[in-house]
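Summary of the model geometry
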Amino acid sequence: MPLQPRLSIEGLVRNLGGRRVVDGIDLTVAAGQVTCLLGPSGCGKSTTLRLIAGVDRQDAGTIWMDGVQVAGPDLHRPPEARGIGLMFQDFALFPHLTVAQNVGFGLPRGAASVARALELLARVNLSGYEEKYPHELSGGEQQRVALARALAPRPSIMLMDEPFSGLDDRLRDGIRDETLAVLKEEGTAVLLVTHEPSEAMRMADEIALMRNGRIVQRAAPYNIYNAPVDLKAASFFSDVNVLPGKVHGALTDTPFGQFLAPGLPDGTEVDIVFRPQHVRLDFDRHGRGPNPTAAEGAPARATVLRARFMGRESLVEFLMDDGHSRVSATVPAVFLPKPGTILWLSIPRDRCFVFRREGAV
Ligand SMILES: Nc1ncnc2c1ncn2[C@@H]1O[C@H](COP(=O)(O)OP(=O)(O)OP(=O)(O)O)[C@@H](O)[C@H]1O
């Protein structure tokens, strides 16, 4: 029998300011799983989280936690009756309470609670900090106390809204990894809101990509990156190259040969989309490039327009031999060919996506 999800949402809707801000969200999160609600600013992520927390009330839809309905057409359990832990960007600790008192705040008085607070402080590497006050801690340490506080009552579900965005860049990755390790140890189901693709890729077991109040794709980070549902989903994770094409006999022509466009009728305008890091470069050998292969397709000749060193990689921009298509390639090294250099480009077929052009019929 499949495990019952800790959190389950069906048809969640919220109208605000005359607009449907959350437009029919379905979602499940299992114990020990981290799901990232990822999307651009204003797409409705925080509103969704607020509805799940119970600090706002949905206009339609149902929410279950551990199989028990907590919100529905005639039901609204208050936040404190939902068994959730909350962590937001401004994770304000109580300034007049010590670290240990902050962590134990939501627990009943007693030896077991003190032990739980100490155990969690050890878990977030803050043993010895029990008697300190929040103003004596760094931002990263305060964040770890906030995590311990949120986890202390053993919430079944943890809701986190951009919890790392207040932190210094250099601290952030370490804290993310530590937080993830603690959440996994506790086996909590986590729903984390972020607008940063890199954060979602780093933290999530599953990413729910949101746009205009809807979830447009739900998949593991690898799958969402390598099999995006549309051009916007592809370009949310990195810059992309887009070549225009038209379908003839379920194929479309490009400078890199023909690509499959299954299921699309003749004449459909399409975008052939691929990421700069998936472009392979080869030197020109007396006017010839590498031999075509089934995996790499046909190579295409191109002229370097410019090359820039970006730190971890080099970005090389090309004009294709058709005289108008432009393609960017990133190379994970210092590679700065002079403008005018001829190179051959190829793209692995499985790294290329063909989408019906938005707005096209
Ligand atoms: N109380 C409100 N009244 C009217 N509109 C609101 C209200 N709260 C949110 N909105 C609007 O709903 C939309 C979604 O807001 P929400 O905060 O959920 O987005 P978000 O995806 O979390 O964005 P961000 O990443 O910027 O926090 C926004 O356009 C916002 O302006």
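Not measured: the values here are computed from a predicted model.

**Observations regarding the overall build of the protein chain**
- Along the protein chain, the regular secondary structure elements total eight helices and 21 strands.
- In terms of overall dimensions, the protein chain has C-alpha extents of about 80 × 45 × 45 Å along its principal axes.
- Expressed as a percentage of the 361 residues in the protein chain, the buried residues total 34%.
- Expressed as a percentage of contacts within the protein chain between residues at least 6 apart in sequence, the contacts between residues at least 24 apart total 64%.

**A short note on the site of the ligand**
- Contacts to the ligand come from L16, G17, V21, G39, S41, G42, C43, G44, K45, S46, T47 and H195.
- At three residues, the largest contribution of residues to the shell around the ligand is made by helix α1 (residues 45-53).
- Taken together, the residues that form the shell around the ligand break down as three nonpolar, eight polar and one charged.

**With respect to the nonpolar core**
- C36, L159 and L191 are the most contacted members of the largest nonpolar core, which has 84 residues in total.
- Residue contributions to this core peak at six residues, all from helix α4 (residues 139-151).
- When residues are assigned to domains, this core turns out to be shared by domain 1 (7-234) and domain 2 (239-356), each giving three or more.
- Residue contacts for L159: discarding those within four places in its chain leaves L49, I52, A53, I84, L86 and L191.

**So, the pairing of strand β5 (residues 68-72)**
- When strand β4 (residues 60-65) meets β5, the two strands line up antiparallel, connected through three bridges. The residue bridging M65 from the neighbouring strand is V68, located in β5.
- Both β5 and strand β6 (residues 75-76) contribute to a ladder of two bridges, which runs antiparallel. Residue pairing for β6: G72 is matched across the bridge by L75.
- Hairpin geometry of β5 and β6 is characterised by an intervening segment of two residues between the two adjacent antiparallel strands.

**Let's talk about the environment of G67**
- Counting through the fold element by element, G67 comes out in the loop between β4 and β5.
- Under the C-beta neighbour-count criterion, G67 is labelled exposed, with 9 such atoms within 10 Å.
- Once the C-alpha coordinates of G67 and F274 are considered, the two residues, 207 residues apart in sequence, prove to be 42 Å apart.

**Structural notes on the domain arrangement of the protein chain**
- Here the domain parsing of the protein chain yields domain 1 (7-234) and domain 2 (239-356).
- A C-alpha centroid distance of 40 Å is found between domain 1 and domain 2.
- Contacts between the two partners involve four residues from domain 1, matched on the other side by six residues from domain 2.
- Grouping the amino acids of the side of domain 1 that touches domain 2 by side-chain chemistry returns three nonpolar, no polar and one charged.

Criteria and cut-off values
Residues numbered from 1 in each chain as written. Predicted model: local features only at pLDDT ≥ 70, side-chain atom pairs only at ≥ 80, totals over all residues. Helix = DSSP H or I, 4+ residues; strand = E, 2+ residues; numbered from the N terminus. Buried ≥ 20, exposed ≤ 12 C-beta atoms within 10 Å, placed from the backbone. Contact = placed C-beta atoms within 7 Å. Near = placed C-beta within 6 Å. Nonpolar A, V, L, I, M, F, W, Y, C, P; charged D, E, K, R; others polar. Core = buried A, V, L, I, M, F, W, Y, C linked by C-beta atoms within 7 Å. Domains from an automatic or database assignment. Pairing = 2+ DSSP bridges.

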